[in-house]
Amino acid sequence: MKFPGRRKLKHYFPVSSPKPQLPSFEVRPELDTYVVGLDQTIVDVLANVSDEFLQKYGIGKGLSNLVEHGKADQIYQELVQSAAISDHFAGGTIGNTIHNYSVLADDKSVLLGVMSANIALGSPAYHYLCHTSSKVDMNHLHGVAGDIGRGITMITPDGERTFVIDPGAMDELSADAIPEDIIAKAAALVLSAYPLRASGQPIQQAMFRTLELAKRHGVPVVMSLGTKHLVEEHRELILSTVRDYVDMLAMNELEAAALTGITDPLQAAEAALELTDMVLVTAGPEGLYLCGYTDASARRETTNPIKSGALPDYNEFEFSRPMQKKHCVDPMKVYSHIDPYLGGPERIKNTNGAGDGALAAILHDIAANHFHRHALPLSSKHEQSYLAYSSFAQICKYANRVSYAILNQSAPRLSRGLPEKEDSLEEAYWER
Ligand SMILES: Nc1ncnc2c1ncn2[C@@H]1O[C@H](COP(=O)(O)OP(=O)(O)OP(=O)(O)O)[C@@H](O)[C@H]1O
Ligand SMILES: Nc1nc2c(ncn2[C@@H]2O[C@H](CO)[C@@H](O)[C@H]2O)c(=O)[nH]1
């Protein structure tokens, strides 16, 4: 486990304490720190298209459009014939997030989902495996006869990305394939709202079984909302799922508006805190908001300039650490915001996965807290039952920095961690 922020000298973080066992790629629940992700396994097929192409097929721009296999195949074949496809990458919003988590933390994660039982060279499953970190444990994937999902990712000249999802067998994940021992010892479970639109498909049952197991074993649950129209179409189911199971919710400002009916991201975050304990709202060029609870006795004032928006002086206590509301004697809401790192890259070719990247950074901080609590349970860092290792403000910086890395490389999966020189995140950023 790498350290997720600065303050190397102030805190003892046993990054390199030797483990007695031989190394193993497979997650050992009693020994390892890991996060678990449940996802529809999807390979992204990247193509440049015109706006007319989207109109011709009646595809909603900027959305994730679920279409039946015949139509998706027709679109795919036309893109092949016009040589518009640039490449195939592993995708799936949670697959991306846990891959990025493993790259950032340099540590293990577990992917739950389906995988083709027989994999041919060049098949969607083949591309998926080629582009996934070896630290993502895929031993618990559920073998299926067909192909994994195919997500045709169409980039229009304005850099906007639009998905056409050909589901293949991606929703055939059976509830019986969910390993309880793996969930029970996880630092966090992360999943998206996408399976909630797979009405009547096995993956929905598998998702609720996983959520039940996480709840039973006290594992924090992190959910990302996927896409705006998914929220609009399944709002009630999403709301009840969040209320019943979710500790942290991640969304962009459009998804937040669809969920809460509030367009201002900060106010939407405040409203969402009535449903869950921690909220990330990414707002593209406006940066991101991270909000949650802390106990009033443990609140810490910021030394950053005070910000006012829809809420006055909202970042006043952003140096506090996140807690679950149920663990606070006197819960108070805490808000933090950060502008894009360096104003964002000079040129953004596509914003695909920038939000997933921010979420991976937050998972890293949550997992680091889990690791530290187990390594040093008597540390003053654990006098209260905190959800994350760092303060809201510090996590914002880290999440923001990772989003920047994703935007800079124009692909949703990190090919490497943040630069070593920035391991303390001081030289290049924090001391500007
Ligand atoms: N145009 C931009 N300029 C500067 N920074 C940006 C821009 N777009 C995104 N970012 C950075 O990336 C972060 C996440 O972006 P965004 O809100 O677009 O995520 P998202 O819509 O959830 O993405 P995805 O669903 O593809 O993962 C922002 O908080 C910001 O730091
Ligand atoms: N799980 C899942 N991921 C999706 C869906 N639509 C788009 N994505 C993924 O979202 C990622 C970008 O956030 C891409 O890599 C896509 O593969 C979907 O319906 N389900």
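Residues numbered from 1 in each chain as written. Chains lettered and ligands numbered in written order. Predicted model: local features only at pLDDT ≥ 70, side-chain atom pairs only at ≥ 80, totals over all residues.

1. Describing the packing of helix 3 (residues 93-105) against helix 11 (residues 354-375)
Running from N to C, helix 3 and helix 11 cross one another at 50°; their axes reach a closest spacing of 8 Å. Relative to helix 11, helix 3 is oriented oblique. For helix 3 against helix 11, the interelement crossing comes out right-handed. Of helix 11, the residues touching helix 3 (which contributes Thr93, Asn96, Thr97, Asn100, Tyr101, Leu104 and Ala105) are Asp356, Gly357, Leu359, Ala360, Ala361, Leu363, His364 and Ala367. Here the residues of the contact of helix 3 with helix 11 sort into 8 nonpolar, 6 polar and 1 charged. (Axes fitted to C-alpha atoms, helices over the stretch in contact; angles between N-to-C directions. Helix = DSSP H or I, 4+ residues; strand = E, 2+ residues; numbered from the N terminus. Parallel < 35°, antiparallel > 145°, perpendicular 65-115°, else oblique. Left-handed = near helix turned anticlockwise from the far one by under 90°. Contact = placed C-beta atoms within 7 Å. Nonpolar A, V, L, I, M, F, W, Y, C, P; charged D, E, K, R; others polar.)

2. Regarding the site of ligand 2
Taken together, 18 residues lie near ligand 2, and Gln40, Ser64, Gly91, Thr93 and Tyr194 sit nearest. Looking at the shell around ligand 2, the elements with two or more residues in it are strand 2 (42-48), helix 3 and strand 10 (161-166). The residue makeup of the shell around ligand 2, split by class, is 5 nonpolar, 10 polar and 3 charged. (Near = placed C-beta within 6 Å.)

3. Some points on helix 9 (residues 253-260)
Burial runs high along helix 9: 7 of the 8 residues are buried. Buried within helix 9 are the following residues: Glu253, Glu255, Ala256, Ala257, Ala258, Leu259 and Thr260. Structurally, helix 9 contributes buried residues whose contacts are with helix 7 (228-233), helix 8 (235-245), strand 13 (248-252), helix 10 (265-272) and strand 14 (278-282). Count one or two residues on from helix 9 and you reach Gly261, which has phi positive near 80°. (Buried ≥ 20, exposed ≤ 12 C-beta atoms within 10 Å, placed from the backbone.)

4. Quick word on the UniProt feature "binding site: GMP" (unreviewed entry) in the chain
Listed under "binding site: GMP" (unreviewed entry) in the UniProt record, and renumbered for this structure, are Asp39, Gln40, Thr41, Ile42, Val43, Asp44, Gly92, Thr93, Ile94, Gly95, Asn96 and Arg197. Residue position: Thr41 is located in the loop between strand 1 (35-38) and strand 2. Residues contacting Thr41, with those up to four places away along its chain left out, are Gly92, Gly95, Gly113, Val114, Met115, Tyr128, Ile148, Gly149 and Met170. Position of Ile94 relative to the elements: it lies in helix 3. Residue classification places Ile94 among the buried positions, given that 29 C-beta atoms sit within 10 Å. (UniProt positions renumbered as here; feature names shortened; annotations may be inferred.)

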